[in-house]
Structure formats: structure tokens, C-alpha cells
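Spelled out from the first residue to the last, the chains are:
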Amino acid sequence: MPIDNKAVIIPTLKLSGVEQMALDLHFLEKTISRVEILFTLRFYHWEGDWISLGYHQKVIPSHWEKLVEKGVIKMVRRPSGGGAVLHSGGITYALTFKKSSYKSFSYELVNNWLIQSFNKLGLNLEKGHLRKSPIKENCFGTTCVSDLVDQYGFKRIGSAQYRKKGAFLQHGEIQLNPPRDLWINLFGEEPPKQVDLSLTKKEIINYLISSFLETKSNLKIENISFKKGDIK
């Protein structure tokens, strides 16, 4: 059995954007430093309404800053690229893996997992078509091949990566029930339609983890157990 044969599964936590980004970088560092870790995977929720800015996103609209000042939203910068993402009513995933296993965790293979999983849950998805899209204020305003679009033409899942010392952190946001008024206030356009899969978010997450692990054989699974109070 190869040395890098451990999959680390992290429990779902609801935390601030700052804490979530710190945890993502923490597990990226674990993936870099611990030779036995093949990948880490976690899903999480955000405390309140947050907008995350892509690492290379330079322009912040003034009305976003005013909404932050008023306490309507909170803002954090991601280590991963792309445009801004509203985190409210959806599910975020974070996957870390080594460069040596990139062929096993490429955008294409991760998207295939998401397409097949959500198809079984009742949501039809397909890949975007643009090879490269410019960084815009709203990440969900454009679709490229690393994104997934639903049957209504709405971008449903957007993903982006950050690379460090031969390892990758891949972020993805699954838009399920984005708040319409806040979305329009931020981006000036309609959000993706709300999705009713007749499942709780916990049930969706459990299914996604299970279906992901089914694609990876001969793995030692480590389920980390900790609570919100352990983060600091």
C-alpha cells in the first residue's frame, strides 16, 4: 500500500469566514507536512451572511463596503482565486491534496463526482463551457469549465484553487438557497433558483462524502473529532 494512503474527513462546522479560511489553510499545511495524507475533505457553513473575495480580486465595490459598515454582510479574502462569492444558504467544500495526486483530484474528476452525486439526488448539472473567464465582481456571474451549471442555466457550483509547496487547496460553493434580496443588492442580478432536494444539508453532505470515498479505494479513513470550541 502506498505511503500517502490516508483520507482525513473533517466534521461540518458553522464558523466565521475568518475561522473557516484559517482552518482551510491549516489542513493544507497538514497535507504538505504529513506524508501519509493523500487528501483532506470537509464541508462547512458560515455564521451569518459572508462574501469571500478571490485572492486576486482587486476591486471592491463601494456599496459592498457600505453593507459591511452597516452589518448587513461580513467580508473575508480567500486564498483561492476567482471572483466574489456570497455564502448564505449554501454549502462550502474544501479539498486539499498533493500535486503528485493531481490526476486523481483534477477539476474534471471532482466535477464528475459532483455531477453524478447531484444527479442521483435529483439535480441535473453539467460543466461550463468557457476555457477561461475574467475575474468579475460576482463569481457566479460567469461560467468556465471548472464550474457546474444546472438545467435552468444557472451556475450552481463554482470552484477555485490555491497552490502551495506542491499541494492544492480547492474551494467550492454549492448554491442551494441563496437569499434573493441580498443577492440582487450585492450583484444587481437574479440568483440561482432555490433548490428543494427534500434533504437536509446534513444529509446532502453525508451523501457527498460517502460517494466521494467510494471513488477512492485502499484508503485509511481518519475522521477527526472536534468542536467549535477547539478551533482556537
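Residues numbered from 1 in each chain as written. Predicted model: local features only at pLDDT ≥ 70, side-chain atom pairs only at ≥ 80, totals over all residues. Heavy atoms only, no water.

## Description of the sheet that holds strand β4 (residues 74-77)
Read from one edge of the open sheet, three strands run β4-β3-β5, paired in mixed fashion. The two strands at the open ends of the sheet, each matched to only one other strand, are β4 and β5 (85-87). Strand-to-strand, the axes of this sheet are offset by a mean angle of 25°, without reference to chain direction. As paired elements, strand β3 (residues 50-53) and β4 share four bridges and run parallel to each other. Following the sheet pairing, L53 is matched in β4 by R77. Where helix α4 (residues 180-187) meets the sheet, its contacts fall on β3 and β5, and the angle it forms with β5 comes to roughly 155°. (Pairing = 2+ DSSP bridges. Helix = DSSP H or I, 4+ residues; strand = E, 2+ residues; numbered from the N terminus. Axes fitted to C-alpha atoms, helices over the stretch in contact; angles between N-to-C directions. Contact = heavy atoms within 4.5 Å.)

## Let's talk about unusual backbone geometry
Glycine aside, negative phi is the norm for most residues, and most peptide bonds take the trans geometry. At K165, a position not held by glycine, the phi torsion is positive, near 50°. Turning to its location among the elements, K165 is positioned in the loop between β9 (155-164) and β10 (167-174). The exposed category is assigned to K165, whose relative accessible area is 66%. With a phi close to 55°, S198 is a non-glycine residue in the positive phi region. Inspection of the secondary structure puts S198 in the loop between α4 and α5 (201-214). On the accessibility criterion, S198 (63% relative accessible area) is exposed. (Buried < 20%, exposed > 50% of the residue type's maximum accessible area, 1.4 Å probe, protein only.)

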